[in-house]
Amino acid sequence: MATLLQTSSGVLPLHLSPQARPTTVPGVYRAAARLLAANGLYKGDHVPDAMDREMCIPHFLRPMSIVAALKCATTGDPHRTSLLADEAIAVLALRLEVDGEGPLYGGIFDLEAHIDAWGDMESRSTESAVAVLERAAETGVAA
């Protein structure tokens, strides 16, 4: 007997497949690292041209911030969040230092802003962001 997915005539893109989504925080870090390695690190907003005024490329294929990559790894959309993405953001933010300090407050938006500040540093590269995410996935310690 076939399941609905086996009899469906359409094929789900990989980023929409429920089996492709991570289910653990280390898995989120690995998936976000792959996204950044493929698309590049974006400094500033979540993705370039977030309002689609100049680009018609889907947001999940654009360069993105670390926070956007964490969200995209769990939801397939760099703007949508999930409990798992929030957990990964919280754990990572508490491990990163910006100018020798951790996040000032513990709200999710403050934690996101802290990670964005780390990623937006002038010397930050895609490679260094990927390395931090991979290290966080392997050891549970980011920097």
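Quick summary incoming for the structure in this document. (Residues numbered from 1 in each chain as written. Predicted model: local features only at pLDDT ≥ 70, side-chain atom pairs only at ≥ 80, totals over all residues. Heavy atoms only, no water.)

With their axes 9 Å apart at the nearest point, helix α4 (residues 83-95) and helix α5 (residues 108-119) run at an angle of 55° to one another. As far as their axial angle goes, α5 and α4 are oblique. For α4 against α5, the interelement crossing comes out left-handed. Counting all contacts with α4, which are made through D86, I89, A90, L92, A93 and L94, the residues of α5 involved are I108, L111, E112, H114 and I115. (Axes fitted to C-alpha atoms, helices over the stretch in contact; angles between N-to-C directions. Helix = DSSP H or I, 4+ residues; strand = E, 2+ residues; numbered from the N terminus. Parallel < 35°, antiparallel > 145°, perpendicular 65-115°, else oblique. Left-handed = near helix turned anticlockwise from the far one by under 90°. Contact = heavy atoms within 4.5 Å.)

Below, the discussion takes up the pattern of salt bridges. Tallying each qualifying case throughout the model produces one salt bridge. Across the pair K71 and E112 runs a salt bridge, and its minimum N-O distance is 3.2 Å. Note that K71 is positioned in helix α3 (residues 66-75) and E112 in helix α5, a separation of 41 residues in sequence. (Salt bridge = Lys/Arg side-chain N within 4 Å of Asp/Glu carboxyl O.)

Right, let's talk about the environment of V132 for a bit. Structurally, V132 can be placed in helix α6 (residues 126-139). Measuring from C-alpha to C-alpha, the distance between V132 and A33 comes to 8.5 Å, with 99 residues separating the pair along the chain.

Attention shifts here to helix α2 (residues 25-39). Across its 15 residues, α2 extends 21 Å between first and last C-alpha, which sits within 8% of the 21 Å expected from 1.5 Å per residue. Buried residues along α2 sit against α3, α4 and α6. You can read the cap of α2 off the contacts: a side-chain oxygen lies 3.1 Å from the backbone nitrogen of G27, and it is on T24. Where α2 terminates, the next one or two residues include G40, which has phi positive at roughly 100°. (Expected span 1.5 Å × (residues − 1). Polar contact = N/O pair within 3.5 Å; in protein donor to acceptor, adjacent residues only side chain to side chain.)

The next subject is the side chain of H46. Relative to the assigned elements, H46 resides in the loop between α2 and α3. Residue H46 is classed as buried on the basis of its relative accessible area, which comes to 13%. Aside from chain neighbours lying at most four places away, what touches H46 is P63, M64, S65, V67, A68, K71, P78 and H79. (Buried < 20%, exposed > 50% of the residue type's maximum accessible area, 1.4 Å probe, protein only.)

Inspection of the entire model under this criterion finds zero aromatic pairs. The ring of W118 has R124 lying over it, and the distance from NZ or CZ to the ring centre is 3.6 Å. (Phe/Tyr/Trp six-rings, centres within 6.5 Å; stacked < 30°, edge-to-face > 60°. Lys NZ or Arg CZ within 6 Å of the ring centre and 35° of its normal.)

Between α2 and α3, the shortest axis-to-axis distance is 8 Å and the interhelical angle comes to 115°. Our pair here, α2 against α3, has a crossing hand that is right-handed. Residues V28, Y29, A31, A32, L35 and L36 of α2 touch α3, and the partners they reach there are I66, A69, L70, C72, A73 and T74. Classifying every residue of the contact of α2 with α3 by side-chain character gives eleven nonpolar, one polar and no charged. (Nonpolar A, V, L, I, M, F, W, Y, C, P; charged D, E, K, R; others polar.)

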